[in-house]
Amino acid sequence: MGMTNKQFQGFIRLALELMNKALDKSPDNEELQKLKDIFQSMLEDD
């Protein structure tokens, strides 16, 4: 069973929200920032 585009976008937005909270606690985490950038680009490709 696959995901619809709307479900996928919701998953990405949820993950980004969690990444933002984690970056608030440790803003110098470069790996997490890179991951966030990748996820953000997935939304911008729409």
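Presented here is an overview of the structure given in this document. Values in this document were obtained by computation on a predicted structure and should not be read as measured data. (Residues numbered from 1 in each chain as written. Predicted model: local features only at pLDDT ≥ 70, side-chain atom pairs only at ≥ 80, totals over all residues. Heavy atoms only, no water.)

Over its 21 residues, helix H1 (residues 5-25) runs 31 Å from end to end, which matches the ideal 30 Å to within 8%, given 1.5 Å per residue. Of the positions making up H1, those classed as buried are Gln-9, Ile-12, Ala-15, Leu-16, Met-19 and Leu-23. On an axial view of H1, the arc spanned by its buried residues comes to 125 degrees, and they lie on one face. Those residues of H1 that are exposed and angled more than 90 degrees off the buried face are Lys-6, Arg-13, Leu-18, Asp-24 and Lys-25. (Helix = DSSP H or I, 4+ residues; strand = E, 2+ residues; numbered from the N terminus. Expected span 1.5 Å × (residues − 1). Buried < 20%, exposed > 50% of the residue type's maximum accessible area, 1.4 Å probe, protein only. Arc of directions from axis to C-beta.)

For the rest of this paragraph, the subject is the pattern of salt bridges. In this structure the tally under the stated criterion is one salt bridge. In this structure, the salt-bridge partner of Lys-21 is Glu-17, at a minimum N-O distance of 3.7 Å. Of the two residues, Lys-21 and Glu-17 are both situated in helix H1; the distance of four residues between them amounts to about one turn of the helix. Lys-21 sits in the partly exposed class, given a relative accessible area of 47%. Of the residues examined, Glu-17 reaches a relative accessible area of 43% and is grouped as partly exposed. (Salt bridge = Lys/Arg side-chain N within 4 Å of Asp/Glu carboxyl O.)

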